[in-house]
Each structure stands twice: as structure tokens, then as C-alpha cells.
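Chains, contacts and geometry: an overview
The residues making up each chain are set out below.
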Amino acid sequence: NKDGFIKGLDYLLEAQYENGGWPQFYPLRNGYYDHITYNDGEMIGVMQLLGDISEEEETFGFVDTERKKDINRALEKGLDIILKTQVEVDGKLTVWCAQHDKETLKPAKARAYELPSLSGGESAGIVRYLMELKNPNTGVINAIECAISWFEDSKITGKKVEWIVDENREENRDRIVIDDENAEPLWARFYEIGTNKPMFVGRDGEIKDQLSEIEHERRIGYSYLKNYAQELLEKEYPEWKKSINKNSN
């Protein structure tokens, strides 16, 4: 239904903040829902859809010229806020928080276990989006290079996440971290800004050093450690780097 699609498109364009970010919900609600939200790929998903509408004339040819202009403006503003929200630590760009304050653009708290931090998960998705951009400018290239450097420095080696059977637990299972020198690299969902230490936070909002220290319900219900950037570092970034070098020659 083309009319329904256009209504949905207009909704996404209207929901964008003037500074380029998108909130988690629109119309706006009070609370963390108003933050510029990268969590779970929210804002990046919107921008990827808008990019497809802008570029794929055959599929989205029914979208009128004026809306296409609005889409391109929205994408420009969105890219600008992505670059502005990349967190700087000690004069060096790192990655992003899962959500940023819509006014100050600083990393912001969401749910009790989602504190201001550097996000291994959401940031990998942002870098992938930036690498998909055609003819990236120097700001985009620098953002990617700095983020990749952070991912290299922040990888967790020699550890493996395993599901185990535990009949004394709800759902008869648990998730644990074990030592394994052959394990593939992992990244934490949250890193403490400044120290770059992995953070494990349960519903009490208290920062712990180990996955085992937070409650069972969060251990099995939320992803704190994962190979978020493995493909990014081993395959996607090297291929992007080759294409950039090729285009610059």
C-alpha cells in the first residue's frame, strides 16, 4: 500500500530532531525514550531505510521529488549527529553510547542496567553504516578509523561465553564465562568511559566486574559479551580499506 508507506515515511521524517537524531519513541515521551537512540540499531535502521528510498529508484520510484529532498536532508543531518556524538576520551575519538542526550549529546542513561558507557554492540552497527556510505568525507573516514582502533584495543581474548544446564535455575539454564585460550575475541556491551573496563550491570544499577556477579535473570536475558566486532575487524574493515585506497589512487 503506497499511501501507507508514504504515511510511515512522513512519520519518520517528522520524528527526527532538528539536530539530526531520532528518539526511541515518537510522539515524544518523558524519560530516556527522548534520547537520541542507537540502542538495538534504532536510529541506524531508520537511516538505512531512508538511504534505500533515496537510492533505489526502481523500488521507490513512487516517492515524490520533494520527499526525496527531505530524505537527503534528513540523512545529512543524521550523519552529522553521528559524527558529533562519537565519544572523545583524553583527546581521542572512541565509539558511541547506546543513547545520547538530545541536548548535550553526551552519553546518557536508559534502563537501570544501561548506564552511560561505550557500547561494543551498537557501535559496531554504526561503523558498518558509515562504511556503506559512498564517497565518504574525511570526517567519516576518521570516525571509522578511530572506532576500529578502539575495537582493536578493547577486544577480550582468552574468554568464552557458554550456556550450561542448571536445573536449580529458572529456565533450567545459566550463562557463564570460562577461560579458553582458543576462543574467538569478544567485546562487552558496555565499557566504562575513561577506564575502558567492561561493565556488567543488573537491575540494581550497580556496576560489577564479572558477568557472574549480576542476577541470573539478566545473565540469561541480556547480551553482555559477544563477538560484536569480529567480522568487522577480520573482513569488513579490510575490504572497506582496500576500496578507499583504490578510490583515492
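Presented here is an overview of the structure given in this document. Every value quoted in this text rests on a predicted model; they were computed, and no experiment measured them. (Residues numbered from 1 in each chain as written. Predicted model: local features only at pLDDT ≥ 70, side-chain atom pairs only at ≥ 80, totals over all residues. Heavy atoms only, no water.)

**Regarding the overall build of the protein chain**
- What the protein chain contains, in helices and strands, is 8 helices and 10 strands.
- Dimensions along the principal axes, computed over C-alpha positions, put the protein chain at roughly 60 × 50 × 35 Å.
- Taking all 249 residues of the protein chain together, 43% fall into the buried category.
- For the protein chain, long-range pairs separated by at least 24 residues make up 61% of all intrachain contacts whose partners lie at least 6 apart in sequence.
- In the protein chain, 33 side chains carry a positive charge and 48 a negative one; their mean positions are 1 Å apart. (Helix = DSSP H or I, 4+ residues; strand = E, 2+ residues; numbered from the N terminus. Buried < 20%, exposed > 50% of the residue type's maximum accessible area, 1.4 Å probe, protein only. Contact = heavy atoms within 4.5 Å. Lys, Arg positive; Asp, Glu negative; His and termini not counted. Charge placed at Lys NZ, Arg CZ, Asp CG, Glu CD.)

**Side note on the pattern of salt bridges**
- With the rule as written, the count across this model stands at 22 salt bridges.
- Of the charged contacts in the structure, one is a salt bridge between Glu145 and Lys241, with a shortest N-O distance of 2.5 Å. Of this pair, Glu145 sits in helix H6 (residues 138-154) while Lys241 sits in helix H8 (residues 230-248), and the two are 96 residues apart along the sequence.
- Classification of Glu145 by relative accessible area gives partly exposed; the value is 21%.
- Taking the shortest distance from any N to any O, the salt bridge between Glu152 and Lys155 comes out at 3.3 Å.
- On the basis of relative accessible area, Glu152 is assigned to the partly exposed category, the value being 38%.
- Three or more residues are tied together by salt bridges with common partners; here these are Asp166, Arg169, Asp174 and Arg219. (Salt bridge = Lys/Arg side-chain N within 4 Å of Asp/Glu carboxyl O.)

**Details of unusual backbone geometry**
- For the bond running from Tyr26 to Pro27, omega is 0 degrees, close enough to zero to count as cis.
- Here Pro27 lies in the loop between helix H1 (2-15) and strand E1 (36-37).
- Backbone geometry places Asp40, a non-glycine residue, at a positive phi of 55 degrees.
- Relative to the helices and strands, Asp40 resides in the loop between E1 and helix H2 (42-55).

**Here we look at the packing of H6 against H8**
- The contact between H6 and H8 brings their axes to 12 Å, and the two run at 155 degrees. Classified by the angle between their axes, H6 and H8 sit roughly antiparallel to one another. Considering only the axes of H6 and H8, their crossing is left-handed. Between H6 and H8, the contacting residues are Ile141, Ile144, Glu145, Ile148, Phe151 and Glu152 on the first element and Leu232, Leu233, Tyr237, Trp240, Lys241 and Ile244 on the second. (Axes fitted to C-alpha atoms, helices over the stretch in contact; angles between N-to-C directions. Parallel < 35°, antiparallel > 145°, perpendicular 65-115°, else oblique. Left-handed = near helix turned anticlockwise from the far one by under 90°.)

On their own, these measurements won't tell you what the molecule is for.
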